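Descriptive structure summary
The primary structure of each chain is shown beneath.
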Amino acid sequence: MPDIAHPETGIEKFAAEIPALKTQFDIFRLMRRITEGFGARGFLVLNLPDAASSNLSANSVITSWPAELLASYDAEGMLKDSPVIRRLRSSTVPFRYDVEEINADRADGKELVARNLFIRHGLTRGAYFPVHEFSGTRGAISFSGDRAPFADAEMRDLAYLSTLIYDHMAAIRTTDE
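The text that follows walks through the structure, step by step, so that each part is easy to find. Here the structure is a predicted model, which is why all the values come from computation and not from measurement.

1. Brief notes about the overall build of the chain
Tallying secondary structure elements over the chain gives 8 helices and 5 strands in all. From first element to last, N terminus to C terminus, the chain shows the α and β order α-α-β-α-β-α-α-β-α-α-β-β-α. Rg of the C-alpha trace for the chain: 16 Å, near the compact-globule value of 16 Å for 177 residues, within the 12% margin. Within the chain, buried positions represent 47% of all 177 residues. By sequence separation, contacts in the chain at least 24 residues apart represent 61% of the contacts at least 6 residues apart. Taken as two groups, the 20 positive and 25 negative side-chain charges of the chain have centres that lie 2 Å from each other.

Written as structure tokens, this is what we have:
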């Protein structure tokens, strides 16, 4: 976890960098540093898929997840009955997850497929942070890996950074249009 007592290495440093970011690639590089700083392995920034959506990759804005993971997830059609997406649609509260527990109640019967896919890529635990932009578009940012569950202070810090990042991404998109 970044040292929040020292702003030059803590979340304040990350937060201070966000307004100067000009492109999604700039945000990607910062997200990698945040991910590593919190001991995670991967991140995902997504727009919340609508009910008709069938591909996670089509709703991913930026991610460090392996392309093979996204392709397999989409090929197996796991978005439709995703317990993560179900939870994001019904709540705006950040949450921790473990792939074994969260996939236990999949309605599509793909508990083992989902579990094994994420285990194979070392993304067994993490957290999702529901976010939205000024236009009302909802999304989420996830940090995951094989580390211990995020502590409450880490959840607070990552929620704050996720809100700033998603909002800034919307501002970048608006500027590009």
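2. Looking at the packing of helix H4 (residues 67–75) against helix H7 (residues 111–120)
Remark: H4 packs on H7, axes separated minimally by 10 Å, with the N-to-C direction vectors making an angle of 175°. By the angle class used here, H4 and H7 are roughly antiparallel. Across the interface between the two elements, Glu68, Leu69, Ser72 and Tyr73 from H4 touch Leu117, Phe118 and Arg120 from H7. Here the contact of H4 with H7 is built from residues that sort into 4 nonpolar, 1 polar and 2 charged.

3. So, the sheet that holds strand E2 (residues 60–63)
Overall, antiparallel pairing links the 5 strands, which are arranged E2-E1-E5-E4-E3 in an open sheet. At either end of the open sheet lies a strand with only one pairing partner, and these are E2 and strand E3 (95–98). Sheet twist, expressed as the average angle between the axes of neighbouring strands with direction ignored, equals 20°. Two strands pair when backbone bridges link them, and E3 and strand E4 (residues 125–132) are joined in this way by 4 bridges, in the antiparallel orientation. Paired with Arg96 across the strands is Ala127, a residue of E4. Across the sheet, helix H5 (residues 83–90) is in contact with strand E1 (42–47), E3, E4 and strand E5 (138–145); its angle to E3 comes to roughly 170°.

4. So, the nonpolar core
Formed by 28 residues in total, the largest nonpolar core has its most connected members in Met31, Ile34 and Phe143. Sorting the residues of this core by element identifies helix H1 (11–17), helix H2 (24–37), E1, E4, E5 and helix H8 (152–176) as the ones contributing at least two each. The element best represented in this core is H8, accounting for 7 residues. Grouped together as the second largest cluster of nonpolar side chains are 23 residues, Leu44, Leu56, Leu69 and Tyr97 included.

5. Section: H5
For H5, the complete set of buried residues consists of Pro83, Val84, Ile85 and Leu88. On its buried face, H5 is in contact with E1, E3, helix H6 (99–102), E4 and E5. With a side-chain oxygen positioned 3.2 Å from the backbone nitrogen of Val84, the residue opening H5 is Ser82.

6. Looking at the packing of aromatic side chains
A complete count under the given rule lists 7 aromatic pairs for this structure. When the centroid spacing of 5.5 Å and the interplanar angle of 80° are considered together, the rings of Trp65 and Phe118 count as edge-to-face. With a gap of 53 residues between them, Trp65 in the loop between E2 and H4 and Phe118 in helix H7 connect regions that are remote in the sequence. Owing to a relative accessible area of 6%, Trp65 belongs among the buried residues under this scheme. Exposure remark for Phe118: the relative accessible area of 9% places this residue in the buried category. Ring geometry for Phe129 and Phe143: centres 6.1 Å apart, planes at 65°, overall edge-to-face. Of this pair, Phe129 sits in strand E4 while Phe143 sits in strand E5; the two residues are 14 residues apart in sequence, bridging distant segments of the chain. Each of the two residues, Phe129 as well as Phe143, counts as buried.

7. Here we look at the side chain of Ser60
Residue position: Ser60 is located in strand E2. Take Ser60: its relative accessible area is 16%, and that puts it in the buried class. In this structure the side chain of Ser60 is engaged in a polar contact, spanning 3.0 Å, whose partner is the backbone oxygen of Leu56. Leaving out residues up to four positions away in the same chain, Ser60 has contacts with Leu44, Val45, Leu46 and Leu70.

What counts and what doesn't
- All chains use their own residue numbering, which begins from 1 and follows the written sequence.
- Local features in a predicted model are, by the rule used here, given only for residues with pLDDT of at least 70; side-chain atom pairs are given and counted only at 80 or more, and totals for whole chains, interfaces and linings are based on all residues.
- Only hydrogens and water are set aside when side-chain values are computed; all heavy atoms of the structure are taken into account.
- Put simply, DSSP marks the helices as runs of H or I at least four residues long and the strands as runs of E at least two long, and each gets a number from the N terminus on.
- For the radius of gyration, the atom set is restricted to C-alpha positions; the globular benchmark scales as 2.2 Å times the number of residues to the power 0.38.
- Think of it in three bands: residues with accessible area under 20% of the maximum for their type are buried, residues over 50% are exposed, and the middle band is partly exposed, with areas taken using a 1.4 Å probe on protein chains only.
- Any two residues whose heavy atoms approach within 4.5 Å are treated as being in contact.
- When charges are counted, Lys and Arg contribute as positive and Asp and Glu as negative, whereas His and the chain ends are disregarded.
- Every charge is mapped onto a representative atom, which is NZ of Lys, CZ of Arg, CG of Asp or CD of Glu.
- To get an axis, a line is fitted to the C-alpha atoms, and for a helix only the part in contact is used. The angle between two axes follows their N-to-C directions and goes from 0 to 180 degrees.
- With respect to orientation, any angle under 35 degrees is reported as roughly parallel, any angle over 145 as roughly antiparallel, any angle of 65 to 115 as roughly perpendicular, and every other angle as oblique.
- Each residue receives one of three labels: charged for Asp, Glu, Lys and Arg, nonpolar for Ala, Val, Leu, Ile, Met, Phe, Trp, Tyr, Cys and Pro, and polar for the others, Gly being one of them.
- Strand pairing is assigned whenever DSSP identifies at least 2 bridges connecting the two strands.
- Throughout, nonpolar core names a set of buried Ala, Val, Leu, Ile, Met, Phe, Trp, Tyr and Cys residues whose side chains join them through atoms within 4.5 Å.
- In protein, a polar contact requires one atom able to donate a hydrogen and another able to accept it; more generally it is a pair of N or O atoms within 3.5 Å, and residues adjacent in sequence count only if both atoms are side-chain atoms.
- Stacked, tilted and edge-to-face pairs are distinguished by plane angle, under 30 degrees for stacked and over 60 for edge-to-face with tilted covering the rest, among Phe, Tyr and Trp rings (Trp via its six-membered ring) whose centres lie within 6.5 Å.

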